[in-house]
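For reference, the chains in residue letters:
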Amino acid sequence: MGLLSDPVRRRALARLVLRLNAPLCVLSYVAGIAWFLALAFPPLTQRTYMSENAMGSTMVEEQFAGGERARSFARDFAAHRRKSGALPVAWLERTMRSVGLEVYTQSFSRKLPNKHLEGMVSGINVYGILRAPRAASTESLVLTVPCGPESPNSQAVGLMLALAAHFRGQIYWAKDIIFLVTEHDLLGSEAWLEAYHDINVTGMQSSPLQGRAGAIQAAVALELSSDVVTSLDVAVEGLNGQLPNLDLLNLFQTFCQKGGLLCTLQGKLQPQDWTSADGPLQGVQTLLLMALQQASGHPHGAHGLFLRYRVEALTLRGVNSFRQYKYDLVAVGKALEGMFRKLNHLLERLHQSFFFYLLPTLSRFVSIGLYMPAAGFLLLVLGLKALELWVQLHEAGVGPEEAGGTPGSSPPLPATQRVGLASLVAPLLISQAVGLALYVLPVLGQHVAAQHFPVAEAEAVVLTLLAVYAAGLALPHSTHWVLSTQAPDRSWMALKLVALIYLALQLACITLTNFSLGFLLAATMVPGAALTKPSGPRPLRAALLVLTSPAAALLGGLFLWQRLQEAPVSLAEGWRLFLAVLAQGVLAHHTYGALLFPLLALGLFPCWLLFWNVLFWKR
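Not measured: the values here are computed from a predicted model. For every chain, the first residue of the written sequence is number 1, and numbering continues from 1 onward in sequence order. A pLDDT threshold of at least 70 governs which residues receive local features in this predicted model, and a stricter bar of 80 or more applies before side-chain atom pairs are shown or counted, although totals over entire chains, interfaces and linings include all residues. As a convention, hydrogens and water are excluded, and side-chain values are obtained from all of the structure's heavy atoms.

S.K.: Any chance you could explain the overall build of the protein chain here in plain terms?
M.R.: Counting its regular elements, the protein chain contains 22 helices and twelve strands. Type-normalised accessible area, obtained with a 1.4 Å probe on protein chains alone, sets the label of each residue: buried when under 20%, exposed when over 50%, and partly exposed for intermediate values. Every one of the 619 residues in the protein chain was classed for burial, and the buried ones make up 53%. Should any heavy atoms of two residues lie within 4.5 Å, those residues are counted as being in contact. The contacts of the protein chain with a sequence gap of at least 6 include a subset with a gap of at least 24, amounting to 81%. To be clear on the numbers: accessible area is Shrake-Rupley with a 1.4 Å probe, and residue cover counts the displayed protein chains and nothing else. Total accessible area on the protein chain is roughly 26,600 Å²; 63% of this is exposed by carbon and sulfur atoms. Helix and strand assignments come from DSSP, with helices taken as H or I runs of at least 4 residues and strands as E runs of at least 2, each series counted from the N terminus.

Put into structure tokens, the structure is as follows:
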């Protein structure tokens, strides 16, 4: 306490903070980036292991041999789908009943924010329930196949029906098994989940479910594009960055290894040699792909919506590529049979393994305790800059005696150099109002824009977003028009101090729930926030601040994603992809409740506008 109460020592501490602030900020930022990249290297990455005793003690013997039956079901499903032009509901009902399931249907409809009333999306879900002969329908498992206009998923439907017929002949099931076929991909899955749990969080209009099973313990979504596969790719990222329990992923990998199936993550094979640099470098690419996918907040498959309801789930995608070794539907069916039989042993929900993790490969993971310091180093930069500004403001607002000098050693600071908090109200209110307009106007004004301009409603949403975003760049002129000419010279320091604290709090909260989103935003926004001030080479600082804005971070993330996917795009293609992602972000928020759009519009963009206002502050 003496260090803070003694004016002389406090003055010395302030000088130390000001002198070492810049090198400490640079060191902290570099340490954060380096820590994240080092996560793919041992010993920060650890081997995965099964934590749930009920699933890791013994293996099961798979007996599925219905490959030909699965292909027959797939051909019939594809033929009826082509004939009807929609999901063949009657054929599915008839086929599910023939294999011994209780069959039910559910109709649903949803008006999308960029569709007219006559464009309302409607569909029908079909599901069958296999009742457990050894339990009282208190718990259940789900095998779901999403079907959409561009992804008929015929082979997945055929394999699901063949597995249902095989499961029907077994007597060891202790949990009900639900075989679900949804229409319109994620829309059908969301409609069924809301009806099953008797809630409505997205405004979906659907009929109530006539048949129910027990509480859903786990779910697997299946997507197959051909009768043979060369590998199975697993998707774990769910809505708003949620992840399933790591034991479910370990279970999938275990049965892939047992059956000799190649399994991939983010489309990348597992590196075999971790002693050289090649393995960890490939792990860095997979880690970055997972971080970008998780940061988007968009579910990477139908499983992503189950995670919202505390149901552990993942999506399996069959890939048929140029690789030499190919596997038929029997191998995939055996892996699914093994997974469901092990999940059938569960006595409680999966909870013993990690829910927060990063994956450089399927066989290695990074726990939350090891990746959080990377974000902590980046947020420390904001804290150091805020401390520097606080010290400068404190020195400007005290007299010479309180500052530690002798009376008369220096004249007191004039009143014009004292901070006026009233000057902060206008930029705070205007920046937040611009953020609110960015959130509200794209959807509310789409019909007006489509009526008065030759654009479609989806294009009107994107154009409105860009217009409001660009209008925010006029914020400094608006605030200075509102402010009095008697504004203090050092008010920009107080405004930047508030902006730094505001940004640090937002990034910290985001990092706790979605580490990838918080880290990537911090990595891009922190440099511009730290270096912004209304002096020096203003054009260079303005260029840096624009390049570190939320929109520029999104655009850069898209280019990085395409590069890591080994499918680089040109500037024109990247811009078109950027516009499409903007429309998808707004649609995902209003349809499924994705939070990335409101976080950027109502939180980070107004905060960035505060730094933009600081840069053009009239001193």
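Read on for the rest.
S.K.: Looking at this model, I keep getting lost on the pattern of salt bridges. Mind explaining?
M.R.: Any two side chains of opposite charge can pair, so long as their charged atoms come close to each other. When a carboxyl oxygen of Asp or Glu lies within 4 Å of a side-chain nitrogen of Lys or Arg, that pair is called a salt bridge. Applying the stated criterion across every chain, the model contains twelve salt bridges. As a salt-bridge pair, E68 and R71 come within 3.0 Å of each other at their nearest N and O atoms. Residue E68 and its partner R71 are located together in helix 4 (residues 67-84), separated by three residues, close to a single helical turn. Here E68 falls in the partly exposed class, since its relative accessible area comes to 46%. Here E566 makes a salt bridge to K268, at a shortest N to O gap of 3.7 Å.

S.K.: Just checking my understanding: could you explain the sheet that holds strand 9 (residues 263-265) for this structure?
M.R.: The strands making up a sheet are joined through hydrogen bonds of the backbone, oriented either antiparallel or parallel. Pairing between two strands requires that DSSP report at least two bridges joining them. The strand order 6-2-3-5-4-7-10-8-9 describes an open sheet built from nine strands, whose pairing is mixed. One side of each edge strand has no neighbouring strand; the edge strands of this open sheet are strand 6 (205-206) and strand 9. With axes taken as lines fitted to C-alpha atoms, and helix axes fitted only over the stretch in contact, angles between N-to-C directions fall between 0 and 180 degrees. Where helix 11 (residues 329-343) meets the sheet, its contacts fall on strand 4 (139-147), strand 5 (176-183), strand 7 (215-223), strand 8 (231-235) and strand 10 (312-319), and the angle it forms with strand 7 comes to roughly 170°.

S.K.: When you look at the side chain of D233 in this model, what are you seeing that I'm missing?
M.R.: Along the chain, D233 turns up in strand 8. Positive charges come from Lys and Arg alone, negative charges from Asp and Glu alone, with His and the N- and C-terminal ends not counted. Buried and without a salt bridge, D233 has R317 as its closest oppositely charged side chain, separated by 4.7 Å. Polar contacts, as counted here, are pairs of nitrogen or oxygen atoms within 3.5 Å of one another; within protein the pair requires one atom able to donate a hydrogen and one able to accept it, and residues that are adjacent in sequence qualify only if both atoms are side-chain atoms. A distance of 3.5 Å separates a polar side-chain atom of D233 from the backbone nitrogen of Q266. Here G267 takes part through its backbone nitrogen, which lies 2.8 Å from a polar atom of the side chain of D233.

S.K.: Explanation requested: the sheet that holds strand 11 (residues 357-358) in the structure shown.
M.R.: Strands sit in the order 1-12-11 across an open sheet of three strands; the sheet is antiparallel. Edge positions in the sheet fall to strand 1 (46-47) and strand 11, since each of these pairs with one other strand and no more. Inspection of the sheet shows strand 11 paired to strand 12 (residues 364-367) by two bridges, in the antiparallel sense. For Y357, the partnering residue across the bridge sits in strand 12 and is S367.

S.K.: Any chance you could explain the UniProt feature "transmembrane region" (unreviewed entry) in the protein chain here in plain terms?
M.R.: UniProt positions are given in the numbering used here, feature names are shortened, and annotations may be inferred rather than shown by experiment. On the UniProt side, "transmembrane region" (unreviewed entry) is annotated at positions that read residues 20-41, 354-382, 419-441, 461-483, 495-522, 542-561, 573-590 and 596-617 here. For the annotated span residues 20-41, helix accounts for 82% and strand for 0% of the residues, and the straight-line distance between the end C-alpha atoms is 31 Å. Helix and strand shares over residues 542-561 are 90% and 0% respectively, and the end C-alpha atoms of the span are 26 Å apart.

S.K.: Help me out: how do you make sense of unusual backbone geometry in this one?
M.R.: Among all residues save glycine, negative phi is the norm, and among peptide bonds the norm is trans. Backbone torsion omega between P42 and P43 reads 5°, so that peptide bond is classified as cis. For P43, the position within the fold is in the loop between helix 2 (7-37) and strand 1. Here the phi dihedral of N240 falls at roughly 60°; this positive angle occurs in a residue that is not glycine. With respect to the element layout, N240 can be found in the loop between strand 8 and helix 8 (246-259). Positive phi, close to 55°, is recorded for Q266, a residue that is not glycine. Within the secondary structure layout, Q266 lies in the loop between strand 9 and helix 9 (278-296). You can call Q266 buried: its relative accessible area is 5%.

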